[in-house]
Amino acid sequence: MKLYGNSRTTKGKRVRHMRLLILGGTQFLGRAIAAHACAKGHDVTCAARGVAGAAAQGTRFIRVDRDDPDGLAPLEREEFDAVVDVSRHPGPVRRAVKALKHRAAHWTFVSTVSVYADNRTPGQRADTAPLRAPTAPEIEHCTEETYGAAKVACEQAVGENAFIVRAGLIAGPEDPTGRFTYWPVRLARGGEVLVPGAPDDAVQLIDVRDLAQWIVLAAERRLTGTFDGIGPSFTRGEFMADCAAAVGASCTLTWADRAFLERHEIKRWTGPRSVPLWVPLPDFAGFNTRDTSLAHAVGLTVRPLAETARDTLAWARATGASVTGLTADEESVTLEAWHASR
Ligand SMILES: NC(=O)c1ccc[n+]([C@@H]2O[C@H](COP(=O)([O-])OP(=O)(O)OC[C@H]3O[C@@H](n4cnc5c(N)ncnc54)[C@H](OP(=O)(O)O)[C@@H]3O)[C@@H](O)[C@H]2O)c1
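All of the points below concern the structure found in this document. (Residues numbered from 1 in each chain as written. Predicted model: local features only at pLDDT ≥ 70, side-chain atom pairs only at ≥ 80, totals over all residues. Heavy atoms only, no water.)

Right, let's get into the packing of helix H6 (residues 236-246) against helix H9 (residues 305-319). Across the interface, H6 lies against H9 with an axial gap of 8 Å and an inter-helix angle of 50 degrees. Taken together, the axes of H6 and H9 lie oblique to each other. The handedness of the crossing between H6 and H9 is right-handed. On the side of H6, the interface is formed by Phe 239, Asp 242, Cys 243 and Ala 246, while H9 contributes Leu 305, Ala 306, Ala 309 and Arg 310. A per-class count over the contact of H6 with H9 returns 6 nonpolar, no polar and 2 charged. (Axes fitted to C-alpha atoms, helices over the stretch in contact; angles between N-to-C directions. Helix = DSSP H or I, 4+ residues; strand = E, 2+ residues; numbered from the N terminus. Parallel < 35°, antiparallel > 145°, perpendicular 65-115°, else oblique. Left-handed = near helix turned anticlockwise from the far one by under 90°. Contact = heavy atoms within 4.5 Å. Nonpolar A, V, L, I, M, F, W, Y, C, P; charged D, E, K, R; others polar.)

Here is the structure:
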(Lines give C-alpha, C1' and ligand atoms only; values in the text may rest on other atoms or scores of the structure.)
Protein backbone atom coordinates (compact mmCIF):
# COMPACT_ATOMS: atom_id res chain seq x y z
CA MET A 1 0.00 0.00 0.00
CA LYS A 2 1.15 3.48 -0.81
CA LEU A 3 1.93 5.46 2.31
CA TYR A 4 0.98 9.06 2.73
CA GLY A 5 0.48 11.12 -0.37
CA ASN A 6 1.95 14.50 -1.18
CA SER A 7 1.96 17.27 1.33
CA ARG A 8 -0.25 20.30 0.72
CA THR A 9 -0.23 23.77 2.09
CA THR A 10 -3.19 24.62 4.30
CA LYS A 11 -3.36 28.05 5.91
CA GLY A 12 0.37 28.59 5.32
CA LYS A 13 1.45 25.25 6.87
CA ARG A 14 2.68 22.13 5.12
CA VAL A 15 0.32 19.29 5.95
CA ARG A 16 0.75 15.68 4.88
CA HIS A 17 -2.25 14.86 2.72
CA MET A 18 -4.07 11.73 3.85
CA ARG A 19 -6.72 9.35 2.67
CA LEU A 20 -8.46 8.97 6.00
CA LEU A 21 -10.96 6.24 6.83
CA ILE A 22 -13.26 6.77 9.78
CA LEU A 23 -14.95 3.62 11.00
CA GLY A 24 -18.03 5.45 12.20
CA GLY A 25 -17.94 9.14 11.30
CA THR A 26 -21.68 9.68 11.12
CA GLN A 27 -22.24 10.84 14.70
CA PHE A 28 -20.80 13.32 17.21
CA LEU A 29 -17.05 12.69 17.63
CA GLY A 30 -16.59 10.66 14.45
CA ARG A 31 -18.51 13.27 12.50
CA ALA A 32 -16.43 16.09 14.01
CA ILE A 33 -13.23 14.27 13.05
CA ALA A 34 -14.55 13.83 9.50
CA ALA A 35 -15.57 17.49 9.22
CA HIS A 36 -12.23 18.75 10.54
CA ALA A 37 -10.15 16.42 8.35
CA CYS A 38 -12.17 17.50 5.32
CA ALA A 39 -11.63 21.17 6.17
CA LYS A 40 -7.88 20.47 6.26
CA GLY A 41 -8.01 19.08 2.73
CA HIS A 42 -7.79 15.37 3.44
CA ASP A 43 -9.79 12.76 1.51
CA VAL A 44 -12.22 11.40 4.08
CA THR A 45 -14.26 8.22 3.89
CA CYS A 46 -16.82 7.35 6.57
CA ALA A 47 -17.86 3.72 6.89
CA ALA A 48 -20.99 2.94 8.88
CA ARG A 49 -24.49 1.49 8.50
CA GLY A 50 -26.11 4.88 7.94
CA VAL A 51 -28.35 4.55 11.00
CA ALA A 52 -26.90 7.14 13.39
CA GLY A 53 -26.89 10.07 10.99
CA ALA A 54 -25.42 11.49 7.83
CA ALA A 55 -21.72 11.68 7.09
CA ALA A 56 -20.24 15.19 7.15
CA GLN A 57 -20.44 17.21 3.95
CA GLY A 58 -17.52 16.61 1.61
CA THR A 59 -16.82 13.08 2.85
CA ARG A 60 -17.40 9.84 1.02
CA PHE A 61 -19.78 7.35 2.65
CA ILE A 62 -19.40 3.57 2.36
CA ARG A 63 -22.10 1.42 3.90
CA VAL A 64 -20.74 -1.35 6.13
CA ASP A 65 -22.24 -3.40 8.95
CA ARG A 66 -19.51 -4.34 11.38
CA ASP A 67 -21.73 -6.79 13.23
CA ASP A 68 -21.57 -8.98 10.15
CA PRO A 69 -18.34 -11.07 10.16
CA ASP A 70 -17.81 -10.11 6.49
CA GLY A 71 -19.14 -6.61 6.99
CA LEU A 72 -15.90 -4.84 6.03
CA ALA A 73 -15.86 -6.44 2.55
CA PRO A 74 -16.85 -3.12 0.84
CA LEU A 75 -13.50 -1.69 2.05
CA GLU A 76 -11.40 -4.55 0.64
CA ARG A 77 -10.24 -2.72 -2.48
CA GLU A 78 -9.92 0.67 -0.86
CA GLU A 79 -6.60 2.22 0.16
CA PHE A 80 -6.17 4.42 3.22
CA ASP A 81 -3.22 6.11 4.85
CA ALA A 82 -4.82 6.46 8.24
CA VAL A 83 -7.78 4.89 10.03
CA VAL A 84 -9.80 6.12 13.03
CA ASP A 85 -12.03 3.61 14.82
CA VAL A 86 -14.61 4.85 17.36
CA SER A 87 -16.21 1.48 18.12
CA ARG A 88 -16.87 0.25 21.64
CA HIS A 89 -17.28 -3.42 20.69
CA PRO A 90 -14.35 -5.88 20.83
CA GLY A 91 -15.59 -8.14 17.99
CA PRO A 92 -15.85 -5.39 15.35
CA VAL A 93 -12.58 -3.84 16.57
CA ARG A 94 -10.72 -7.17 16.24
CA ARG A 95 -12.08 -7.69 12.71
CA ALA A 96 -11.13 -4.16 11.63
CA VAL A 97 -7.60 -4.55 12.98
CA LYS A 98 -7.21 -7.87 11.17
CA ALA A 99 -8.56 -6.59 7.87
CA LEU A 100 -7.09 -3.10 7.71
CA LYS A 101 -4.37 -2.29 10.23
CA HIS A 102 -1.46 -3.77 8.27
CA ARG A 103 -2.54 -1.70 5.25
CA ALA A 104 -2.62 1.73 6.90
CA ALA A 105 0.35 3.79 8.03
CA HIS A 106 -1.49 5.13 11.07
CA TRP A 107 -4.24 3.77 13.32
CA THR A 108 -6.25 5.66 15.91
CA PHE A 109 -8.55 3.99 18.38
CA VAL A 110 -10.91 6.14 20.44
CA SER A 111 -11.12 4.61 23.89
CA THR A 112 -12.42 6.01 27.17
CA VAL A 113 -11.32 6.91 30.69
CA SER A 114 -13.78 4.21 31.78
CA VAL A 115 -10.93 1.72 31.16
CA TYR A 116 -9.38 2.78 34.49
CA ALA A 117 -9.83 0.57 37.54
CA ASP A 118 -9.33 3.27 40.16
CA ASN A 119 -11.70 6.25 40.22
CA ARG A 120 -10.72 7.34 43.72
CA THR A 121 -7.10 8.46 43.43
CA PRO A 122 -6.72 12.03 42.12
CA GLY A 123 -4.19 13.15 39.53
CA GLN A 124 -3.60 9.85 37.70
CA ARG A 125 -1.84 9.61 34.33
CA ALA A 126 -2.51 7.42 31.31
CA ASP A 127 0.91 5.76 31.41
CA THR A 128 0.70 4.54 35.01
CA ALA A 129 -2.97 4.23 36.04
CA PRO A 130 -4.19 0.64 36.55
CA LEU A 131 -6.75 -0.72 34.08
CA ARG A 132 -9.81 -2.91 34.50
CA ALA A 133 -9.56 -6.53 33.41
CA PRO A 134 -10.68 -6.90 29.77
CA THR A 135 -13.88 -8.69 28.76
CA ALA A 136 -13.41 -12.36 27.90
CA PRO A 137 -12.00 -13.12 24.42
CA GLU A 138 -15.28 -14.55 23.16
CA ILE A 139 -17.21 -11.33 23.98
CA GLU A 140 -18.22 -9.53 20.78
CA HIS A 141 -20.26 -6.61 22.10
CA CYS A 142 -20.22 -4.45 25.20
CA THR A 143 -23.17 -3.65 27.40
CA GLU A 144 -23.60 -0.60 29.63
CA GLU A 145 -22.07 -2.63 32.48
CA THR A 146 -19.08 -3.97 30.52
CA TYR A 147 -18.29 -0.76 28.59
CA GLY A 148 -14.94 -0.04 30.32
CA ALA A 149 -13.80 -3.68 30.28
CA ALA A 150 -14.80 -3.99 26.61
CA LYS A 151 -12.76 -0.91 25.72
CA VAL A 152 -9.75 -2.53 27.47
CA ALA A 153 -10.28 -5.58 25.24
CA CYS A 154 -10.54 -3.27 22.21
CA GLU A 155 -7.28 -1.50 23.15
CA GLN A 156 -5.55 -4.86 23.50
CA ALA A 157 -6.84 -5.92 20.07
CA VAL A 158 -5.50 -2.70 18.54
CA GLY A 159 -2.08 -3.38 20.11
CA GLU A 160 1.11 -1.37 19.91
CA ASN A 161 1.96 1.04 17.17
CA ALA A 162 -1.31 2.93 17.34
CA PHE A 163 -2.66 6.17 18.76
CA ILE A 164 -5.03 5.27 21.58
CA VAL A 165 -7.07 8.18 22.94
CA ARG A 166 -8.92 7.59 26.18
CA ALA A 167 -11.58 10.25 25.95
CA GLY A 168 -13.17 11.75 29.01
CA LEU A 169 -16.58 13.43 28.92
CA ILE A 170 -17.03 14.81 25.40
CA ALA A 171 -19.08 18.00 25.19
CA GLY A 172 -20.22 20.39 22.50
CA PRO A 173 -22.56 20.78 19.56
CA GLU A 174 -24.23 17.59 18.26
CA ASP A 175 -23.78 15.70 21.54
CA PRO A 176 -26.47 12.99 21.38
CA THR A 177 -26.30 12.29 25.14
CA GLY A 178 -27.73 15.67 26.24
CA ARG A 179 -25.81 15.58 29.52
CA PHE A 180 -23.36 18.50 29.18
CA THR A 181 -26.06 20.32 27.20
CA TYR A 182 -28.30 20.22 30.29
CA TRP A 183 -26.13 22.85 32.01
CA PRO A 184 -26.00 25.68 29.44
CA VAL A 185 -29.70 25.13 28.68
CA ARG A 186 -30.65 25.05 32.37
CA LEU A 187 -28.53 28.06 33.30
CA ALA A 188 -29.88 30.09 30.40
CA ARG A 189 -33.42 29.50 31.77
CA GLY A 190 -32.38 31.36 34.94
CA GLY A 191 -33.88 31.28 38.44
CA GLU A 192 -32.80 28.98 41.24
CA VAL A 193 -30.64 26.13 39.95
CA LEU A 194 -30.08 22.86 41.84
CA VAL A 195 -26.37 21.98 41.71
CA PRO A 196 -24.89 18.72 42.99
CA GLY A 197 -22.13 18.33 45.57
CA ALA A 198 -19.91 21.24 46.56
CA PRO A 199 -18.16 24.11 44.73
CA ASP A 200 -14.75 22.44 45.25
CA ASP A 201 -15.72 19.17 43.53
CA ALA A 202 -13.92 18.54 40.24
CA VAL A 203 -15.34 18.57 36.69
CA GLN A 204 -13.35 17.59 33.60
CA LEU A 205 -14.38 17.43 29.95
CA ILE A 206 -13.25 18.04 26.40
CA ASP A 207 -14.89 19.93 23.57
CA VAL A 208 -15.65 17.52 20.73
CA ARG A 209 -13.97 19.86 18.25
CA ASP A 210 -10.71 19.98 20.25
CA LEU A 211 -10.62 16.20 20.48
CA ALA A 212 -11.34 15.90 16.75
CA GLN A 213 -8.59 18.37 15.86
CA TRP A 214 -6.06 16.52 18.00
CA ILE A 215 -6.98 13.16 16.46
CA VAL A 216 -6.48 14.54 12.95
CA LEU A 217 -3.19 16.15 13.98
CA ALA A 218 -2.01 12.84 15.47
CA ALA A 219 -2.75 11.05 12.20
CA GLU A 220 -0.90 13.73 10.21
CA ARG A 221 2.10 13.38 12.52
CA ARG A 222 1.76 9.60 12.87
CA LEU A 223 1.78 9.97 16.59
CA THR A 224 1.54 6.71 18.54
CA GLY A 225 1.06 5.93 22.23
CA THR A 226 -1.75 5.98 24.75
CA PHE A 227 -3.11 9.27 26.07
CA ASP A 228 -6.09 10.68 27.94
CA GLY A 229 -8.18 12.89 25.66
CA ILE A 230 -9.56 15.40 28.12
CA GLY A 231 -9.13 19.03 29.07
CA PRO A 232 -8.13 20.62 32.37
CA SER A 233 -9.85 19.89 35.65
CA PHE A 234 -12.13 22.70 36.94
CA THR A 235 -13.84 23.01 40.26
CA ARG A 236 -17.60 22.65 39.90
CA GLY A 237 -17.88 26.22 41.16
CA GLU A 238 -15.71 27.43 38.26
CA PHE A 239 -17.62 25.22 35.85
CA MET A 240 -20.96 26.70 36.90
CA ALA A 241 -19.64 30.28 36.91
CA ASP A 242 -18.00 29.98 33.46
CA CYS A 243 -21.05 28.35 31.89
CA ALA A 244 -23.41 30.85 33.51
CA ALA A 245 -21.36 33.84 32.32
CA ALA A 246 -21.04 32.37 28.83
CA VAL A 247 -24.79 32.06 28.37
CA GLY A 248 -25.60 35.35 30.14
CA ALA A 249 -27.50 33.56 32.89
CA SER A 250 -29.26 35.32 35.70
CA CYS A 251 -29.57 32.64 38.37
CA THR A 252 -28.74 31.56 41.89
CA LEU A 253 -27.09 28.23 42.67
CA THR A 254 -28.32 25.94 45.43
CA TRP A 255 -25.79 23.24 46.28
CA ALA A 256 -27.28 19.95 47.50
CA ASP A 257 -25.11 17.29 49.10
CA ARG A 258 -24.83 13.61 48.23
CA ALA A 259 -26.92 12.36 51.17
CA PHE A 260 -29.82 14.64 50.23
CA LEU A 261 -29.64 13.81 46.50
CA GLU A 262 -29.54 10.08 47.17
CA ARG A 263 -32.43 10.33 49.66
CA HIS A 264 -34.49 11.97 46.90
CA GLU A 265 -33.43 9.38 44.33
CA ILE A 266 -31.63 11.88 42.14
CA LYS A 267 -29.43 9.95 39.73
CA ARG A 268 -25.77 10.55 39.08
CA TRP A 269 -23.98 11.39 35.81
CA THR A 270 -26.68 11.07 33.14
CA GLY A 271 -30.20 10.04 32.24
CA PRO A 272 -33.71 10.84 33.43
CA ARG A 273 -33.92 12.27 36.96
CA SER A 274 -30.16 12.87 37.06
CA VAL A 275 -28.22 16.02 37.77
CA PRO A 276 -25.87 15.52 34.83
CA LEU A 277 -22.12 15.22 35.35
CA TRP A 278 -22.55 14.58 39.10
CA VAL A 279 -20.34 11.80 40.45
CA PRO A 280 -20.54 11.02 44.16
CA LEU A 281 -17.52 11.48 46.40
CA PRO A 282 -15.37 9.94 47.70
CA ASP A 283 -15.99 7.02 45.31
CA PHE A 284 -15.13 9.16 42.28
CA ALA A 285 -12.70 11.61 43.88
CA GLY A 286 -10.11 10.90 41.16
CA PHE A 287 -12.48 10.67 38.19
CA ASN A 288 -12.41 14.32 37.12
CA THR A 289 -8.81 15.06 38.07
CA ARG A 290 -6.77 13.29 35.45
CA ASP A 291 -3.28 14.66 34.75
CA THR A 292 -3.29 15.36 31.01
CA SER A 293 0.19 16.84 30.68
CA LEU A 294 1.23 13.93 28.41
CA ALA A 295 -1.52 14.77 25.91
CA HIS A 296 -0.78 18.50 25.95
CA ALA A 297 2.90 17.76 25.32
CA VAL A 298 1.96 16.08 22.03
CA GLY A 299 -0.42 18.63 20.59
CA LEU A 300 -3.74 18.60 22.46
CA THR A 301 -5.04 22.13 22.82
CA VAL A 302 -8.38 23.09 24.32
CA ARG A 303 -10.68 26.06 23.91
CA PRO A 304 -12.19 27.96 26.85
CA LEU A 305 -15.13 26.26 28.55
CA ALA A 306 -17.21 29.38 27.87
CA GLU A 307 -16.96 28.76 24.12
CA THR A 308 -18.15 25.16 24.50
CA ALA A 309 -21.08 26.29 26.67
CA ARG A 310 -22.09 29.11 24.30
CA ASP A 311 -21.85 27.01 21.14
CA THR A 312 -23.69 24.09 22.73
CA LEU A 313 -26.55 26.36 23.78
CA ALA A 314 -26.70 27.92 20.31
CA TRP A 315 -26.80 24.47 18.71
CA ALA A 316 -29.44 23.21 21.16
CA ARG A 317 -31.64 26.25 20.50
CA ALA A 318 -31.23 26.03 16.74
CA THR A 319 -32.01 22.31 16.54
CA GLY A 320 -34.32 21.78 19.52
CA ALA A 321 -31.86 19.15 20.76
CA SER A 322 -33.08 17.36 23.83
CA VAL A 323 -31.25 17.37 27.14
CA THR A 324 -31.15 14.67 29.76
CA GLY A 325 -31.53 15.24 33.49
CA LEU A 326 -34.08 16.67 35.89
CA THR A 327 -37.20 18.16 34.37
CA ALA A 328 -38.18 21.67 35.53
CA ASP A 329 -40.89 20.15 37.76
CA GLU A 330 -38.55 17.58 39.29
CA GLU A 331 -36.00 20.28 40.00
CA SER A 332 -38.46 22.62 41.67
CA VAL A 333 -39.92 19.82 43.85
CA THR A 334 -36.39 18.83 44.86
CA LEU A 335 -35.47 22.45 45.66
CA GLU A 336 -38.58 22.78 47.83
CA ALA A 337 -37.58 19.63 49.70
CA TRP A 338 -34.06 20.99 50.11
CA HIS A 339 -35.28 24.24 51.66
CA ALA A 340 -37.75 22.37 53.88
CA SER A 341 -34.90 20.19 55.17
CA ARG A 342 -32.74 23.17 56.26
N1 LIG B 1 -19.54 10.82 24.44
C2 LIG B 1 -18.70 10.79 25.44
O3 LIG B 1 -18.79 11.59 26.39
C4 LIG B 1 -17.56 9.79 25.42
C5 LIG B 1 -16.73 9.72 26.52
C6 LIG B 1 -15.64 8.86 26.47
C7 LIG B 1 -15.42 8.08 25.34
N8 LIG B 1 -16.26 8.16 24.31
C9 LIG B 1 -15.98 7.35 23.13
O10 LIG B 1 -15.92 8.21 22.03
C11 LIG B 1 -16.41 7.55 20.90
C12 LIG B 1 -17.57 8.39 20.43
O13 LIG B 1 -17.76 8.13 19.15
P14 LIG B 1 -18.89 8.88 18.36
O15 LIG B 1 -19.26 10.11 19.01
O16 LIG B 1 -18.42 8.95 16.97
O17 LIG B 1 -20.19 8.02 18.59
P18 LIG B 1 -20.60 6.56 18.70
O19 LIG B 1 -21.92 6.60 19.32
O20 LIG B 1 -19.66 5.70 19.35
O21 LIG B 1 -20.75 6.24 17.12
C22 LIG B 1 -20.74 5.03 16.66
C23 LIG B 1 -20.44 5.11 15.16
O24 LIG B 1 -20.26 3.79 14.72
C25 LIG B 1 -21.23 3.48 13.73
N26 LIG B 1 -21.72 2.11 13.96
C27 LIG B 1 -22.42 1.66 15.01
N28 LIG B 1 -22.70 0.36 14.83
C29 LIG B 1 -22.17 0.01 13.64
C30 LIG B 1 -22.14 -1.19 12.90
N31 LIG B 1 -22.70 -2.32 13.32
N32 LIG B 1 -21.48 -1.20 11.71
C33 LIG B 1 -20.91 -0.08 11.24
N34 LIG B 1 -20.89 1.10 11.90
C35 LIG B 1 -21.53 1.13 13.08
C36 LIG B 1 -22.35 4.49 13.89
O37 LIG B 1 -23.00 4.72 12.66
P38 LIG B 1 -24.30 3.85 12.19
O39 LIG B 1 -25.19 3.73 13.40
O40 LIG B 1 -24.88 4.67 11.11
O41 LIG B 1 -23.80 2.55 11.72
C42 LIG B 1 -21.57 5.73 14.36
O43 LIG B 1 -21.04 6.44 13.26
C44 LIG B 1 -16.84 6.17 21.31
O45 LIG B 1 -15.78 5.29 21.11
C46 LIG B 1 -17.06 6.33 22.80
O47 LIG B 1 -16.83 5.12 23.47
C48 LIG B 1 -17.34 8.98 24.31
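Past the structure itself, the notes keep going.
The next thing to look at is the sheet that holds strand E4 (residues 43-48). Each strand in a sheet pairs with its neighbour through backbone hydrogen bonds, running either in the same direction (parallel) or in the opposite one (antiparallel). Spatially, E5-E4-E3-E6-E7-E8-E13 is the arrangement adopted by the 7 strands of the open sheet, whose pairing is parallel. If you trace the sheet from one side to the other, it starts and ends with strand E5 (60-63) and strand E13 (225-229), each paired once. Strand-to-strand twist across the sheet, computed as the mean angle between neighbouring axes with direction ignored, equals 20 degrees. Pairing geometry for strand E8 (residues 163-167) and E13, over 5 bridges, is parallel. The partner of Phe 163 across the bridge, within E13, is Gly 225. On the sheet, helix H3 (residues 147-158) packs against strand E7 (106-112) and E8 and is oriented at approximately 165 degrees with respect to E7. (Pairing = 2+ DSSP bridges.)

Moving on, we get to H6. Residues of H6 that are buried: Arg 236, Phe 239, Met 240, Cys 243, Ala 244 and Ala 246. Angular distribution of buried residues about the axis of H6 spans 165 degrees; they occupy a single face of the element. At its buried positions, H6 is contacted by helix H4 (182-189), strand E10 (191-196), strand E11 (202-204), strand E14 (233-235), strand E15 (251-256) and H9. Gly 248 lies just past H6 and shows a positive phi near 65 degrees. (Buried < 20%, exposed > 50% of the residue type's maximum accessible area, 1.4 Å probe, protein only. Arc of directions from axis to C-beta.)

Another point: the nonpolar core. Note on soluble globular proteins: their nonpolar side chains tend to be buried together. Of all hydrophobic cores here, the largest spans 40 residues; its most connected members are Phe 180, Leu 205, Phe 239 and Leu 261. Secondary structure elements with two or more residues in this core: H4, E10, H6, helix H7 (258-263), H9 and helix H10 (328-341). A per-element tally of this core places H6 first, with 5 residues. In terms of nonpolar packing, the next biggest core, distinct from the first, is built from 34 residues, Ala 32, Trp 214, Leu 217 and Leu 300 among them. (Core = buried A, V, L, I, M, F, W, Y, C linked by side-chain atoms within 4.5 Å.)

In the region of the ligand, 28 residues are neighbours, and Thr 26, Val 51, Val 86, Tyr 147 and Lys 151 sit closest. Measuring from an oxygen atom of the ligand, one finds a side-chain N or O atom of Arg 49 at 2.7 Å. Here an oxygen atom of the ligand sits 2.7 Å away from a polar atom, N or O, in the side chain of Lys 151. Summarising the interface, the protein chains cover 88% of the accessible area of the ligand, which totals 900 Å² for the free molecule. Those elements giving two or more residues to the shell around the ligand turn out to be helix H1 (28-39), E7 and H3. When its residues are assigned to classes, the shell around the ligand shows 12 nonpolar, 9 polar and 7 charged. (Near = heavy atom within 4 Å. Polar contact = N/O pair within 3.5 Å; in protein donor to acceptor, adjacent residues only side chain to side chain. Areas by Shrake-Rupley, 256 points an atom, 1.4 Å probe, with all protein chains shown as cover.)

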